[in-house]
Amino acid sequence: MEALFIGHAYIDITFLADTLPTGDEKTIAEDYAVAFGGNATTAAFCAAKLGLKCDLLCQQADDWLARMFLDMASRYGISVHGRKVAESSLSFIMPSDGKRAIVRCRDAEFLHPYPALNLAGIRGLHVDGHMADAAIHYARECRERGVLTSLDGGSARAETDELLTAIDVAVVSERMCEQMQLNPLSMLDYLRARGVTVGAVTLGERGLVWYEGTGGEARTMPARNVPAGEVVDTSGAGDVFHGAYFWSALERPELGWADHFDFARSASAYAVQHLGNEASLPSLDDVTAMRARLPEAEAA
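Predicted, not measured: the structure shown is a model, and the values here were computed from it.

The rules behind each value
Residues numbered from 1 in each chain as written. Predicted model: local features only at pLDDT ≥ 70, side-chain atom pairs only at ≥ 80, totals over all residues. Heavy atoms only, no water. Pairing = 2+ DSSP bridges. Helix = DSSP H or I, 4+ residues; strand = E, 2+ residues; numbered from the N terminus. Axes fitted to C-alpha atoms, helices over the stretch in contact; angles between N-to-C directions. Buried < 20%, exposed > 50% of the residue type's maximum accessible area, 1.4 Å probe, protein only. Polar contact = N/O pair within 3.5 Å; in protein donor to acceptor, adjacent residues only side chain to side chain.

Topic: the sheet that holds strand β7 (residues 99-105)
Then, in step 1: The mixed open sheet is built from 4 strands, whose spatial order is β3-β2-β6-β7. The open sheet has two edge strands, β3 (31-37) and β7, and neither has a second partner. Pairs of neighbouring strands in the sheet enclose a mean axial angle of 20 degrees, with direction left out of account.
Then, in step 2: Relative to strand β6 (residues 90-96), strand β2 (residues 10-16) runs parallel, the two sharing 4 bridges.

Here it is as structure tokens:
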């Protein structure tokens, strides 16, 4: 095992339409995409596309959607370790004007304990806070082994505080700041206090604020400026950001976090120009092209 990702897996159905019908109305979508979804799940697919050998611990049902998901994972060389649930999870996503409306159907009622995994050879762990018991267990085990641990803090959860004590790199959302009633700089202070070595708050098209090292001051990094007319679907772009910095940190450890985050923002810039998570995954050449073509956005 080279890299382990722990999170909730979905099948995402993403569609472009002018309006959502109500009552007895019908409408025709302009386009659609069917792909894998979920925070750590999409990050795993992104890292695998970039060349990392990835394992994924997620919930797993015994139905045709689960078999579809396993086929997707197999095509990217991802080994899936399933934790039994009754039915697969679905997301219906409607992007519009740089935002996205989402309806989720989720089964997180686990029928068995999380599986025991052999971590021999592991170099990195990335979790999104779902399946908290497994995330905390493996984060602690990886911390003891000196293995890089990373958290996608998309939202605050009951176990977040405990989980952070075993996390090296925490990149959290504005939503999590709002839930915890902290501004981005206060959130960075909170992450430092929990022992997080590299902390960041992502701000969407406004980039991110971050620090590196226990005494590092807060720094800002603008997003890359994707023209508004080229933005197709922003859902999943944050997950690509996580998968990209995680790949960069493991494959280019000689670089600093300014470089890892620059790589990630360029991967995200590619992602927002495509519909659905699979089409949004960049190759190394795609990231290079974004760096060359897109300037930094101006500060707000």
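Let's talk about the pairing of strand β1 (residues 3-6)
Then, in step 1: Burial along β1 is two-sided: Ala3 and Phe5 and Leu4 and Ile6, pointing in opposite directions, are all buried.
Then, in step 2: The sheet contact formed by β1 and strand β4 (residues 54-60) spans 4 bridges and is parallel. For Leu4, the partnering residue across the bridge sits in β4 and is Asp55.
Then, in step 3: Pairing of β1 with strand β8 (residues 124-127) involves 4 bridges; the strand directions are parallel. Bridged to Phe5 within β8 is His126.

Concerning the environment of Asn183
Then, in step 1: Counting through the fold element by element, Asn183 comes out in the loop between α5 (174-179) and α6 (184-193).
Then, in step 2: The partly exposed category is assigned to Asn183, whose relative accessible area is 43%.
Then, in step 3: In this structure, the C-alpha to C-alpha distance between Asn183 and Val201, residues 18 residues apart in sequence, is 9.6 Å.
Then, in step 4: Of note is the side chain of Asn183, whose polar atom sits 3.1 Å from the backbone nitrogen of Leu185.

What about the pairing of β2?
Remark: a regular strand shows side chains that alternate across the two faces of the sheet.
Then, in step 1: The element β2 is extensively covered by neighbouring structure, given that 6 of its 7 residues are classed as buried.
Then, in step 2: Of the strand pairs in this sheet, β2 and β3 are connected by 7 bridges, and their pairing is antiparallel. Looking across to β3, one finds that Ile13 is bridged to Val34.

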